[in-house]
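Coordinate analysis (summary)
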Amino acid sequence: MTQTPDEHDVDTRARLLPEEQAVGSDSPHEQAEIILEESLERTEDPEGTQRSSTQSPG
């Protein structure tokens, strides 16, 4: 079961980084939620997410 990101963390992450500002975002808050949910998933199941990752050697 994946946890839901803390609203404060989402609000903080929704502040776009300079490189994100350069390309823009239609929904920084939604983008932040997705990023943090994926991060929590990787934290909760590092081996499982490593197997399914195209970036991590598995």
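Residues numbered from 1 in each chain as written. Predicted model: local features only at pLDDT ≥ 70, side-chain atom pairs only at ≥ 80, totals over all residues. Heavy atoms only, no water.

**Concerning the overall build of the chain**
- From N to C terminus, the chain includes 4 helices and 0 strands.
- The linear arrangement of helices and strands in the chain, starting from the amino end, is α-α-α-α.
- Taking all contacts inside the chain whose residues are at least 6 apart in sequence as the whole, residues at least 24 apart take part in 38%.
- Just so you have it, the chain exposes about 4700 Å², and 47% of that area is on carbon and sulfur atoms. (Helix = DSSP H or I, 4+ residues; strand = E, 2+ residues; numbered from the N terminus. Contact = heavy atoms within 4.5 Å. Areas by Shrake-Rupley, 256 points an atom, 1.4 Å probe, with all protein chains shown as cover.)

**Some details on the pattern of salt bridges**
- Scanning the entire structure with this criterion turns up 1 salt bridge.
- For R13, the salt bridge is made with E20, and the minimal N-O distance between the two is 2.7 Å. (Salt bridge = Lys/Arg side-chain N within 4 Å of Asp/Glu carboxyl O.)

**Quick notes on a negative patch on the surface**
- Residues E37, E38, E41, E44, D45 and E47 make up a contiguous surface patch of negative charge.
- Here the negative patch takes 4 residues from helix α3 (residues 28-44), the largest share from any one element.
- Turning to its location among the elements, E47 is positioned in helix α4 (residues 46-52). (Patch = residues over 30% accessible without salt bridge, like charges linked within 9 Å, V, L, I, M, F, W, Y side chains within 5 Å. Lys, Arg positive; Asp, Glu negative; His and termini not counted. Charge placed at Lys NZ, Arg CZ, Asp CG, Glu CD.)

**Some points on the environment of R15**
- Within the secondary structure, R15 is located in the loop between α1 (7-13) and α2 (18-23).
- On a C-alpha basis, the gap between R15 and P28 in space is 7.1 Å, while along the polypeptide they are 13 residues apart.

**Observations regarding the environment of S39**
- Residue position: S39 is located in helix α3.
- Given a relative accessible area of 29%, S39 falls into the partly exposed group.
- Taking the C-alpha atoms as reference points, S39 and P5, 34 residues apart in sequence, are found 9.3 Å from one another. (Buried < 20%, exposed > 50% of the residue type's maximum accessible area, 1.4 Å probe, protein only.)

**Re the side chain of E20**
- Assignment of secondary structure puts E20 in helix α2.
- Engagement of the side chain of E20 in a polar contact is seen with the side chain of R13, the distance being 2.7 Å. (Polar contact = N/O pair within 3.5 Å; in protein donor to acceptor, adjacent residues only side chain to side chain.)

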